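Architecture and fold: a report
Now for the letters of each chain:
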Amino acid sequence: MSFTLATWNINSVRLREPIVQKLLMEEAPDVLCLQECKSPVEKIPMEGFAALGYTHMIARGQKGYNGVAILSRLPMKEVTSFDFAALGHARHIAGQLENGVTIHNFYVPAGGDVPDRDVNEKFGQKLDYLTDMRDHFFAEKPGKSILVGDLNIAPREDDVWSHKQLLKVVSHTPVEVEALAQVQDAANWVDITRQDIPEGQLYSWWSYRAKDWNAADKGRRLDHVWATPDISNAGHASRILRDARGWEKPSDHAPVFATFDL
DNA sequence: ATGGTCGATACTCGA
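Residues numbered from 1 in each chain as written. Chains lettered and ligands numbered in written order. Predicted model: local features only at pLDDT ≥ 70, side-chain atom pairs only at ≥ 80, totals over all residues. Heavy atoms only, no water.

**Digging into the pairing of strand β2 (residues 31–35)**
- Counting buried residues in β2 gives five out of five residues, a clear majority hidden from the surface.
- Looking at chain direction, strand β1 (residues 2–9) and β2 are connected through five bridges and run parallel. Bridge pairing in β2 places Thr7 opposite Cys33.
- Read from β1 through helix α1 (residues 17–27) to β2, the crossover connection turns out right-handed.
- Of the pairings in the sheet, the one linking β2 to strand β4 (residues 68–72) comprises five bridges and is antiparallel in character. Pairing of Gln35 across the sheet is with Val68, part of β4. (Buried < 20%, exposed > 50% of the residue type's maximum accessible area, 1.4 Å probe, protein only. Helix = DSSP H or I, 4+ residues; strand = E, 2+ residues; numbered from the N terminus. Pairing = 2+ DSSP bridges. Right-handed = clockwise from strand over helix to strand, strands pointing away.)

Following this line, the structure appears as structure tokens:
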């Protein structure tokens, strides 16, 4: 059995309902993981998604901020929801497909502007969240699992438009890159996007503040698809749908895709 | 070095 999965920070699922439907119609992933839904679960416009075949949804929501959801046209049951760093935020949900594969959908805290936990509480929360992720996956050592989401860190030099200019910018600082590496190492997660596309600049986010995001191309790869080693060889066909960044009323993130043959 | 743009909410915060 083969299924295609996409992850997309949607920055308001209600405002973006038309382009979520566009993605479902044009790209038809079997599973779509959304972050920053910015909506209580009961206000997610799921009728339109169900009409397109996405009749299964699991979600965590809150008013105004955060929020994660998994839309699926394959049967899926909810398995867990973590509150790492005890923030009380809707930043994680996990579901399991009938083939036994577990899908973790994360929205890691962005971390504020200043990369110093002594002066910026949000940066400390981001590091604490990553520590709790690491400790959980080290203790659990999951199998047959996929981890996706907006991890808010661009780990590689070629995951940002300028490694040198972003070294002190939250999302690419050495302390964050190290913390993310520890999460990855905790369960030997394989970066499927980079397994498929090992060379070259690769971005999934472009700021709204650029005059012309496409021409400036000052992007970062903040959105990730990882898999446990027992299924990593099944992952292929990774791509980032850059076009979606230019759609009507776009999110500042583009969807990241991967296909798994299991 | 600075400011630039979004979205939700309610006159500000988070990204």
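**Things to note about the packing of aromatic side chains**
- A full pass over the atoms with the stated rule returns 11 aromatic pairs.
- Relative to Trp189, the ring of Phe137 lies with its centre 5.2 Å away and its plane at 90°, an arrangement referred to as edge-to-face. Separated by 52 residues along the polypeptide, Phe137 in helix α3 (residues 121–140) and Trp189 in the loop between α5 (174–186) and β9 (190–191) bring together distant segments of the chain.
- Under the relative-accessibility criterion, Phe137 is labelled buried at 0%.
- Connected via pairs of aromatic rings, a cluster forms that spans Phe82, Phe84, Phe106, Tyr129, Phe137, Trp189 and Trp226.
- In this structure, Lys22 packs its charged tip against the face of Trp247, placed 4.8 Å from the ring centre.
- Sitting over the face of the ring of Phe257, Arg239 holds its NZ or CZ atom 4.2 Å from the ring centroid. (Phe/Tyr/Trp six-rings, centres within 6.5 Å; stacked < 30°, edge-to-face > 60°. Lys NZ or Arg CZ within 6 Å of the ring centre and 35° of its normal.)

What is shown is where atoms sit, not what they do.
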